[in-house]
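Spelled out from the first residue to the last, the chains are:
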Amino acid sequence: MRKILGILGYSLLIVLIYHFILIVINLALVFFVGGEDTVAFFEAFEISYILAAVVTFLIYTLITHLKGRKIAEVCRFKKIPWHKLVLCFIVGVVGVFTSSAVLGLLERINPGSIESHNENWAWMSDIRFGLVFLSTGVAAPFIEEVMFRGLIFKKMEGKMSLMTIIIFQAALFGLIHGNLPQISYTFFAGITFGLLLIWTGSIWAPILAHVGNNVHTVVFSLSSFGQAMSDSVVYTYIYWLAFPVVFGFIMIYLFRTRVKFKPCDVDVDVANINSAIVHFQTLDYYNKNADKYTKDTIDINLQESRDMFAKHLNFGDHILDLGCGTGRDSKAFMEKGFRVTAVDGSKQMCKIASENLKQEVICKKFYELDMVNEFHGIWASASLLHVPSSELEDIFKKIAVALKPKGYLYVSFKYGDYEGIRKCGRYFTDLTEESLRSLLDESWEMVEIKLTADLREGREDEKWLNAVLKIN
């Protein structure tokens with residue numbers, strides 16, 4: 001239930017960002033247009049949708065950038081074969097028969113229930129066709145896909161099965177439209193768009209299908225050509241006989257040629273903008289102070305802690321130094337005969353560590369960890385302490401996946417219960433034995449835990465929590 005509430009709250013925020021921007025832009029445009037010219041008044045609404053889509057996308061882009069990622073990665077703006085893009089567009093075009101079927105069924109169950117839906121299209125007929133085409137046919141589908149099959153879909157990953165995600169996001173997509181006729185058919189559209197996303201691995205597939213669906217509706221509802229076509233008997237037969245067949249054949253083809261769906265390796269939590277800023281500030285500190293930090297820490301002797309960890313490993317085992325900093329500990333492990341992969345989120349620290357180790361250091365943030373069953377041990381000395389406590393549980397899960405069965409993890413945190421930004425500008429999460437245990441699920445075993453004093457001169461009174469954990 002807690003996960004469901006978190007997803008619902010996140011989804012609500014994502015949608016509210018868009019609607020808040022839409023309202024602000026709309027009020028500004030209506031103020032300049034005035035209320036005397038009805039057509040101009042309604043055209044202001046359509047312009048608002050276009051501008052709101054652009055501004056909202058820029059805001060989503062900024063937030064993901066603060067998180068240290070690109071929106072193209074988070075929302076899966078990946079290239080797919082051009083013929084599949086065309087087929088997805090056609091799926092949207094011919095898929096409108098499902099909307100008509102659902103609306104027809106709804107009308108039979110509740111006569112008059114779609115009158116308001118038809119009235120909405122009636123007043124839009126007075127607006128310039130090109131404006132409606134851009135707003136309803138292009139802008140709205142694009143931003144809605146970024147929201148639902150992009151950010152919201154990603155939020156659900158790892159918390160539900162793929163099929164549950166498809167149904168859940170489709171239900172949210174339907175509910176957000178606010179009226180029964182649209183809720184009914186957008187739910188089925190949301191399922192189709194979700195399937196296209198996982199079968200192609202790219203958000204361009206549902207975007208093109210959504211555009212095709214809306215463009216078909218706009219053309220055949222508002223253009224003279226479309227209205228003439230929709231009144232013809234030939235089109236009626238095509239609509240109810242050929243469209244379902246084409247839709248079915250394309251969906252079967254896309255299913256049979258589907259790619260292996262790879263869950264994103266990052267959870268962009270737009271609901272916690274402070275968290276995004278936290279990651280940015282901490283990495284910014286290390287990038288700007290890399291030389292000073294190296295000078296202050298390169299000679300610290302953590303031999304006791306390294307031995308506490310290494311005694312559980314065998315000669316030649318593969319170690320991941322997660323948050324390697326200067327590469328000091330990686331070098332010590334290599335000298336003991338271990339294979340070491342070093343990772344750090346700061347580009348400047350990676351540069352320094354690469355020079356010290358004479359090997360490439362991977363620049364990757366904790367939440368980007370995507371290795372699977374690769375390491376006998378993971379060394380995370382004074383690194384995970386920069387992760388907000390609300391995110392640590394997910395990081396431990398990623399670490400568990402990266403470890404081989406019965407693999408070991410070493411972690412160290414400042415001892416205590418403080419959490420926040422210290423004077424230096426970095427974020428710290430202090431832990432006690434109890435708070436560390438609360439972050440671990442049943443797959444972890446606490447092998448050894450020890451309190452030690454800070455080894456830096458003048459900080460002997462500061463305590464550190466050191467723990468060796470084993471994955472079962």
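Residues numbered from 1 in each chain as written. Predicted model: local features only at pLDDT ≥ 70, side-chain atom pairs only at ≥ 80, totals over all residues. Heavy atoms only, no water.

Some remarks on the overall build of the protein chain
As a reminder of what qualifies: Per the convention used, a helix needs a DSSP run of H or I reaching at least four residues, while a strand needs a run of E reaching at least two, with both numbered from the N terminus. Burial here depends on accessible area, computed with a 1.4 Å probe over protein chains only, as a share of the maximum for the residue type. Under 20% is buried, over 50% is exposed, and the range in between is partly exposed. We call two residues contacting when some pair of their heavy atoms lies within 4.5 Å. Per-residue and other accessible areas follow the Shrake-Rupley method at a 1.4 Å probe size, with only the shown protein chains counted as cover for residues.
A tally of helices and strands in the protein chain yields 19 helices and nine strands. By the burial criterion, 51% of the 472 residues in the protein chain qualify as buried. Within the protein chain, counting contacts between residues at least 6 apart in sequence, those at least 24 apart form 70% of the total. Counting every atom, the protein chain has about 23,000 Å² of accessible surface; 61% of that belongs to carbon and sulfur.

Some details on unusual backbone geometry
Positive phi values are uncommon outside glycine, yet lysine 358 reaches one of about 60°. As for its placement among the helices and strands, lysine 358 is situated in the loop between helix 17 (347-357) and strand 3 (362-363). Since its relative accessible area comes to 72%, lysine 358 is described here as exposed. One non-glycine residue, asparagine 373, lies in the positive phi region at around 50°. Inspection of the secondary structure puts asparagine 373 in the loop between strand 3 and strand 4 (375-380).

A few points about the pattern of salt bridges
Stated formally: For salt bridges, the criterion is a side-chain nitrogen of Lys or Arg within 4 Å of an Asp or Glu carboxyl oxygen.
Inspection of every chain in the model, using the stated rule, returns 14 salt bridges. For arginine 306, the salt bridge identified is with aspartate 329, shortest N-O distance 2.7 Å. A residue pair is termed long-range when its members are at least 10 positions apart, and arginine 306 in helix 15 (residues 303-310) and aspartate 329 in helix 16 (residues 328-335) qualify at 23 residues. Residue classification places aspartate 329 among the buried residues on the basis of a relative accessible area of 4%.

Here's the deal with the pairing of strand 5 (residues 403-414)
A regular strand places its side chains on the two faces of the sheet in alternate fashion. Selection criterion: Strands qualify as paired when DSSP identifies two bridges or more between them. The path from the first strand over the helix to the second decides the hand: if it runs clockwise while the strands point away from the viewer, the crossover is right-handed.
Among the 12 residues of strand 5, nine are classified as buried, and the element is accordingly described as predominantly covered. In this sheet, strand 5 lies alongside strand 4 in parallel orientation, the contact comprising five bridges. Paired with isoleucine 378 across the bridge in strand 5 is leucine 409. In this fold, strand 4 hands off to helix 18 (residues 389-402), which returns the chain to strand 5; that crossover is right-handed.

A word on the sheet that holds strand 8 (residues 444-453)
Let me state the cut-off plainly: Where helices are involved, their axes are fitted lines through C-alpha atoms of the stretch in contact, as for all axes, and angles between N-to-C directions lie from 0 to 180°.
An order of 3-2-1-4-5-9-8 is seen for the seven strands of this open sheet, with the pairing classed as mixed. The open sheet terminates on both sides in strands that have one partner only, identified here as strand 3 and strand 8. Relative to strand 2 (residues 339-344), strand 1 (residues 318-322) runs parallel, the two sharing five bridges. Directly across from leucine 322, in strand 2, lies its bridge partner valine 343. Of the strands in this sheet, strand 1, strand 2 and strand 4 are in contact with helix 16, which crosses strand 2 at around 175°.

Some thoughts on the packing of helix 7 (residues 129-156) against helix 8 (residues 162-175)
Quick note on the threshold: Just so you know how the angles are binned, under 35 degrees is roughly parallel, over 145 roughly antiparallel, 65 to 115 roughly perpendicular, and the rest oblique. Crossing handedness is read from the near helix: turned anticlockwise from the far helix by less than a right angle, it gives a left-handed crossing, and turned clockwise, a right-handed one. Gly falls in the polar group here, along with every residue not listed as nonpolar (Ala, Val, Leu, Ile, Met, Phe, Trp, Tyr, Cys, Pro) or charged (Asp, Glu, Lys, Arg).
Packing of helix 7 against helix 8 brings their axes to within 10 Å, and their N-to-C directions diverge by 140°. The orientation of helix 7 with respect to helix 8, classified from their angle, is oblique. In this structure, helix 7 crosses over helix 8, and the sense of that crossing is right-handed. Counted together, Glu144, Phe148, Arg149, Ile152, Phe153 and Met156 of helix 7 and Leu162, Ile165, Ile166, Phe168, Gln169, Leu172 and Phe173 of helix 8 form the full contact between these two elements. Broken down by class, the residue content of the contact of helix 7 with helix 8 amounts to 10 nonpolar, one polar and two charged.

Focus: the state of the cysteines
The test is simple: Whenever a pair of cysteine sulfur atoms sits within 2.5 Å, that pair is classed as a disulfide.
Under the defined criterion, the tally for this structure stands at zero disulfides. We note that cysteine 350 lacks a disulfide partner, and the nearest cysteine sulfur, in cysteine 363, lies 4.0 Å from it.

Observations concerning the environment of leucine 175
Inspection of the secondary structure puts leucine 175 in helix 8. Along the chain, leucine 175 and threonine 186 lie 11 residues apart, while their C-alpha atoms are 8.5 Å from each other.

Observations concerning the nonpolar core
Rules: Buried Ala, Val, Leu, Ile, Met, Phe, Trp, Tyr and Cys residues form a nonpolar core when they are joined through side-chain atoms within 4.5 Å.
Core analysis: the biggest nonpolar cluster contains 59 residues, and Tyr60, Met147 and Leu196 have the highest contact counts within it. Leaving out residues up to four positions away in the same chain, leucine 196 has contacts with Cys88, Val91, Gly201, Ala205, Pro206, Ala209, Met251 and Leu254. Counting 35 residues, the second-largest nonpolar core is a separate cluster that includes Met371, Ala400, Phe428 and Trp464.

Things to note about the UniProt feature "transmembrane region" (unreviewed entry) in the protein chain
What counts, and what does not: UniProt positions are given in the numbering used here, feature names are shortened, and annotations may be inferred rather than shown by experiment.
Taking the numbering used here, the UniProt-annotated feature "transmembrane region" (unreviewed entry) corresponds to residues 12-35, 47-64, 85-107, 160-177, 183-200 and 237-255. In residues 47-64, helix accounts for 100% and strand for 0%; the two terminal C-alpha atoms are 26 Å from one another. Within the segment residues 237-255, helix and strand shares are 100% and 0% respectively, and the terminal C-alpha atoms sit 27 Å apart.

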